[in-house]
Amino acid sequence: MSDTELETPPLATDRIGKEPIGRLLLSFSLPAIIGMLVNALYNIVDRIYIGHGVDPLAIAGIGLVMPLTMIIMAFSMLIGIGANSLFAIRMGERRHDEVEKIMGHAFALLFLVPLVMIFAVLYFMEPILRDIMKAEGKVYEYAAVYLRITLYGAVFGAMSPGLTHFIRSDGHPKTSMIVQLVGAILNIILDPIFIFALDMGVAGAAWVTVISQFVSLVFVLVYFNSKYTRLRFRPKYMKLELKLTGKIIAIGFAPFIMQFAMSLVGILQNATIIKYGGDEALTAMTIFFTVFTFIFMPMMGIGQGAQPIIGYNYGAKQYDRVKKCFKLAVIACTIFLTSGFLIIQIIPGILFSFFSKDTGSLRALGILTMRICTSAFPFVAIQLMGGQFFQAIGKPVQATIVSLSRQILFLIPALLFFPVLFDTFGLRPIYGVYWAFPISDLCASAVSAVFVLREFKAWKKFENL
């Protein structure tokens, strides 16, 4: 594609700088929210099938390996979100000659980087599970089976979501949603077949995940070879250039390091839970995080919908539109989080019963876990959106600080200190693990608010010109 072919942006992209922000945010976020919710739903269905049809300890095994799979996904976010943010900013700046080069670099990096990570995790899998994560017995067996199989298809799992961002920023959020729905719905359909009909248990759930990720990637590639877009993944742009690669990594570093930190915290968290509460507490926490994912996914959808709007308008120097988009996104996230908080506080037992028939200590621990860990939910929207905001406007340093504040600055020290503190006062140390989450959420939200307000204040000199 020559530079003259993209002298003016496609109409679907051009509207990002003109339409009312509320309408834009709704049209871009709603498809993303639906796609995210369906993805969360298949994870929930996955756990329900496994909890009732295989073994509740299998839920603990899958929960144990989630931090490792999240590390690979972190590299997908590093490239996918970084490239997509640069893509949106360049479109807003009318620098259309660079967009396909950005896409080509993203394609190459999304294939190569996760591939290296997969081999590394496979090689060190046993010592990681046994020595670092303290997995034993059935929990280790379930974890090893699930991790090994999902790693075989992890390249698909990294490329599909990483490249789907470009469909949304190309002005087709509904198509992006459809790509997400295809994989999620296929997963929901195939799960009972592989787990029960083929009697494959945890291995069946893992293979279904691989198949669904591959099919989603196929749909992404079909879109970028269709009449609905002039953009293409061209081999000539897949030859990596150090300067452009550096820009993509710099902008994507904040969501990457946040996800990576979450993975490391997850490893520490799981080891701490096993230490103070055993396999039962790990099962309870995994069930909580499955429920939490369903609440958290709409936030991801809102963030994905807001990102191209913020990036495009920031590139076009329309700062009032950027502010309005961010504020509306925070309000929408607060509504979702408060609703989730109320549901969990009112009916935690019903939510727990979806995953396990246990009516004894596991149920009691699961209810307590959900209630404590969600107690700060109504106040954390600005923390969730703050990192995405700075990443969208191409400020990796601020984005990294805001994104890391919860995981590194507050949560890790809390996970190490609170159990000891609770034990000192004669309380169960596992309760200290649970309270580490809401305390960290509140502290990180305060940090995010300070950074965002400072950024808005700095724009006033430009708005008054």
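Going by the structure above, here's the rest.
About the thresholds
Residues numbered from 1 in each chain as written. Predicted model: local features only at pLDDT ≥ 70, side-chain atom pairs only at ≥ 80, totals over all residues. Heavy atoms only, no water. Helix = DSSP H or I, 4+ residues; strand = E, 2+ residues; numbered from the N terminus. Rg over C-alpha atoms; globule rule 2.2 N^0.38 Å. Buried < 20%, exposed > 50% of the residue type's maximum accessible area, 1.4 Å probe, protein only. Contact = heavy atoms within 4.5 Å. Areas by Shrake-Rupley, 256 points an atom, 1.4 Å probe, with all protein chains shown as cover. Disulfide = S-S within 2.5 Å. Expected span 1.5 Å × (residues − 1). 1 Å grid on protein atoms, 1.4 Å probe; cavity = no way out; pocket = protein on both sides within 12 Å on 5 of 7 lines; lining within 4 Å. Points joined across faces, edges and corners; volume = space filled by probe spheres on them. Nonpolar A, V, L, I, M, F, W, Y, C, P; charged D, E, K, R; others polar.

*Asks:* Just to check I follow, could you spell out the overall build of the chain for this structure?
*Replies:* Within the chain one finds 16 helices and zero strands. In summary, the chain has a C-alpha radius of gyration of 22 Å against a globular reference of 23 Å for 465 residues, a match within 12%. Expressed along its principal axes, the backbone C-alpha trace of the chain runs to roughly 65 × 50 × 35 Å. In the chain, which comprises 465 residues, the proportion classed as buried is 58%. The long-range fraction of contacts in the chain, counting pairs at least 24 apart against all pairs at least 6 apart in sequence, stands at 83%. Summed over all atoms, the accessible surface of the chain reaches about 18700 Å², with 69% contributed by carbon and sulfur.

*Asks:* For this particular structure, what's the right way to read the state of the cysteines?
*Replies:* Linking two cysteines covalently via their sulfur atoms produces the bond known as a disulfide. Counting across every chain of the model gives zero disulfides. Cysteine cysteine 443 remains unbridged, with the sulfur of cysteine 373 as its closest cysteine sulfur at 15 Å.

*Asks:* Is there a simple way to think about helix α6 (residues 137–152) in this case?
*Replies:* Owing to its 3.6 residues per turn, the α-helix brings residues three or four apart onto one side. Between its first and last C-alpha atoms α6 spans 24 Å; for 16 residues at 1.5 Å apiece the expected length is 22 Å, and the two agree. Every buried residue of α6 is accounted for by Val139, Tyr140, Tyr142, Ala143, Ala144, Tyr146, Leu147, Ile149, Thr150 and Leu151.

*Asks:* Would you mind going over the layout of surface pockets with me for this structure?
*Replies:* Take a probe with the size of a water molecule and roll it over the atoms, and the empty space left behind shows itself. The computed volume of the largest pocket comes to approximately 300 Å³. The wall of the largest pocket is formed by 14 residues, among which Val291, Phe294, Ile295, Gly340 and Ile343 lie closest to the centre. Of all elements in the fold, only α2 (21–53), α10 (242–315) and α11 (319–346) reach the threshold of two or more residues within the lining of the largest pocket. Looking at the lining of the largest pocket element by element, the count peaks at five residues for α11. Its residues placed into classes, the lining of the largest pocket shows 12 nonpolar, two polar and no charged. By volume, the second largest pocket amounts to about 160 Å³.

It is worth stressing that arrangement in space is one thing and function is another; only the former is reported here.
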